[in-house]
Amino acid sequence: MTISIGRNDPCHCGSGKKYKKCCLEKDEAARARESAAQVPPPAEAAPTTPPAAPKPQHGWQGVKGDRGFRPPPPPRRGTGG
């Protein structure tokens with residue numbers, strides 16, 4: 001069982017500083033080196049198919065160069081009373 005040290009706990013080296021200000025970076029670097037050494041090299045990847053063509057967009061399709069803006073709707077008629 002491993003005892004975990006919190007970032008704000010006193011450092012395990014005995015310096016009297018907080019762990020995050022003293023040995024945290026060194027311990028994390030050592031942990032990263034250990035885990036990198038345990039990871040096996042990646043296997044040869046199978047050839048992949050090219051990505052599919054993008055699907056057409058739904059909705060209003062304007063004139064080329066309109067930047068997606070819709071024209072204003074026509075005014076309503078016959079609502080006066």
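Note that the structure is predicted; figures quoted are calculated from it, not measured.

K.L.:
Mind laying out the overall build of the chain, listing which residues take part and the relevant values?
P.N.:
Within the chain, the regular secondary structure consists of two helices and zero strands. Looking at the chain residue by residue over its 81 residues, the buried ones come to 5%. Nonlocal contacts in the chain, meaning residues at least 24 apart in sequence, comprise 0% of its contacts between residues at least 6 apart. Accessible surface, the chain: about 8,300 Å² in total, of which carbon and sulfur atoms supply 57%.

K.L.:
Mind laying out a positive patch on the surface, listing which residues take part and the relevant values?
P.N.:
A cluster of basic residues, Arg-7, Lys-18, Lys-20 and Lys-21, forms a positive patch at the surface. Mapped onto the elements, Lys-18 comes out in the segment before α1 (19–22). The class of Lys-18 is partly exposed, set by a relative accessible area of 42%.

K.L.:
Please give an account of the state of the cysteines that cites residues and values.
P.N.:
Chemically, a disulfide is nothing more than a covalent bond linking the sulfur atoms of two cysteines. What the rule picks out here adds up to zero disulfides. Cysteine Cys-11 is unpaired, with the sulfur of Cys-23 as its nearest cysteine sulfur at 3.4 Å. Take Cys-23: its relative accessible area is 6%, and that puts it in the buried class.

Rules used in this analysis
- Residues numbered from 1 in each chain as written.
- Predicted model: local features only at pLDDT ≥ 70, side-chain atom pairs only at ≥ 80, totals over all residues.
- Heavy atoms only, no water.
- Helix = DSSP H or I, 4+ residues; strand = E, 2+ residues; numbered from the N terminus.
- Buried < 20%, exposed > 50% of the residue type's maximum accessible area, 1.4 Å probe, protein only.
- Contact = heavy atoms within 4.5 Å.
- Areas by Shrake-Rupley, 256 points an atom, 1.4 Å probe, with all protein chains shown as cover.
- Patch = residues over 30% accessible without salt bridge, like charges linked within 9 Å, V, L, I, M, F, W, Y side chains within 5 Å.
- Salt bridge = Lys/Arg side-chain N within 4 Å of Asp/Glu carboxyl O.
- Lys, Arg positive; Asp, Glu negative; His and termini not counted.
- Charge placed at Lys NZ, Arg CZ, Asp CG, Glu CD.
- Disulfide = S-S within 2.5 Å.

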